[in-house]
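Structure at a glance
Below are the chains, spelled out letter by letter.
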Amino acid sequence: MKIAILGSGAFGAALAAALGREGPVVLWGRGQAGREIRRLPGLVLPETVTVTADLAETDSADLLLLSVPMQALGRFVADHGARLASRPLVACCKGVDLTTGLGPVEILETLGGPAPAVLTGPSFAADIAIGLPTALTLACRDDMLGAHLQARLSTPVLRLYRSTDVMGAELGGALKNVMAIAAGVVIGAGLGDSARAALMTRGYAEMLRFALARSARAETLAGLSGFGDLVLTCTSSQSRNFSFGLSLGRGESFDPATTVEGAATARAVARIGRTQALDLPVSTAVAALVDGRITVTEAIQSLLSRPLKQE
Ligand SMILES: NC(=O)C1=CN([C@@H]2O[C@H](COP(=O)(O)OP(=O)(O)OC[C@H]3O[C@@H](n4cnc5c(N)ncnc54)[C@H](OP(=O)(O)O)[C@@H]3O)[C@@H](O)[C@H]2O)C=CC1
Ligand SMILES: O=C(CO)COP(=O)(O)O
């Protein structure tokens, strides 16, 4: 039985490399020509990985991993839902859909098939691709299916921890990208490591506030998909979200073709925060900054001038 991965960007290809070391995998990408992975140059995929631009070649798989960017997932599911619906689906994207305010699992749930799962947590594609040890969260509301997926997708170096808290796992991965942009701005603007630690800590409090308002569990946010990924993404220049923030903070341009999930997610989260009267100062500042409504100086000022409060 085969696994198919839909989306041959950096993460989809890295997962294909990792899972392909254990068995057959089909990697589908739109416009994918040959075995060269444009978003992960130099990656040599195992021979067990079939690379294709023909979605029909994924029909023989009994498990589908969706690794297209978050803002493309809704359209992708609308276009190809009939082909996907009957098989277990694992979302491998991080974010909140700007149009609907939904997370990846809620979008996949509209297909009405087996309970969809989300695979998320601290993991750079480049690390997974070369087989470095990585630990991730696999969250599925159906724990029996979750246990099956956990066993199926774990490898000797890819350790999956299981959860039924889909909302918590999704939101940890979505919100940490917003905080990573903010952390990048802090460093890019020369505010220093102490300010970044403060931003990460208060950013985590904001992640928790938002997630608890959506019935997530606090311990999920404290795990790999929340705290773990926040630490990774806010402290490494390998992160695209952090690098984007760094450019904003330095007043430099950034390649618009780069996937920066935190930008749209900040907008979506800030909008939800407004309608639900949630206090989300960092997400609101990041949303305003990426929209060009405020400057870096104004964003920093908006956070530093807030009333003093209890921790
Ligand atoms: N890279 C990483 O280290 C990690 C990424 N993730 C998550 O994985 C998800 C995918 O990111 P990643 O692989 O890094 O992104 P990349 O930018 O590397 O690749 C995105 C891929 O998606 C394709 N794509 C874009 N829009 C569509 C569409 N409408 N239909 C089909 N394919 C589409 C792109 O094709 P094209 O090139 O033609 O535009 C490209 O192949 C994100 O949510 C990200 O947060 C999670 C963990 C780690
Ligand atoms: O999600 C990631 C690491 O866990 C990848 O982060 P970036 O999308 O910021 O590169």
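Because the structure is a prediction, the values reported are computed rather than measured.

Comments concerning the environment of Thr201
Positionally, Thr201 belongs in helix α7 (residues 193-213). When its relative accessible area of 43% is taken as the criterion, Thr201 is described as partly exposed. Placed 30 residues apart in sequence, Thr201 and Val231 show a C-alpha to C-alpha distance of 10.0 Å.

Thoughts on the state of the cysteines
Counting across every chain of the model gives zero disulfides. The structure places no disulfide on Cys92, whose sulfur is separated from the nearest cysteine sulfur, that of Cys93, by 7.2 Å. You can call Cys93 buried: its relative accessible area is 5%.

Describing the sheet that holds strand β2 (residues 25-28)
The eight strands lie next to each other as β3-β2-β1-β4-β5-β6-β7-β8, forming an open sheet whose pairing is mixed. The two strands at the open ends of the sheet, each matched to only one other strand, are β3 (49-52) and β8 (158-163). Ignoring strand direction, the axes of neighbouring strands in this sheet form an average angle of 25 degrees. Relative to β3, β2 is paired through four bridges, and the arrangement is parallel. In the sheet register, Val26 faces β3, and the bridge partner there is Thr50. The strands touched by helix α5 (residues 143-153) are β1 (2-6), β4 (61-66), β5 (89-91), β6 (117-120), β7 (134-140) and β8; relative to β8, the strand with the most contacts, the crossing angle is about 175 degrees. Against the sheet, helix α6 (residues 166-188) touches β6 and β7, its axis set at about 35 degrees to β6.

About the criteria used
Residues numbered from 1 in each chain as written. Chains lettered and ligands numbered in written order. Predicted model: local features only at pLDDT ≥ 70, side-chain atom pairs only at ≥ 80, totals over all residues. Heavy atoms only, no water. Helix = DSSP H or I, 4+ residues; strand = E, 2+ residues; numbered from the N terminus. Buried < 20%, exposed > 50% of the residue type's maximum accessible area, 1.4 Å probe, protein only. Disulfide = S-S within 2.5 Å. Pairing = 2+ DSSP bridges. Axes fitted to C-alpha atoms, helices over the stretch in contact; angles between N-to-C directions. Contact = heavy atoms within 4.5 Å.

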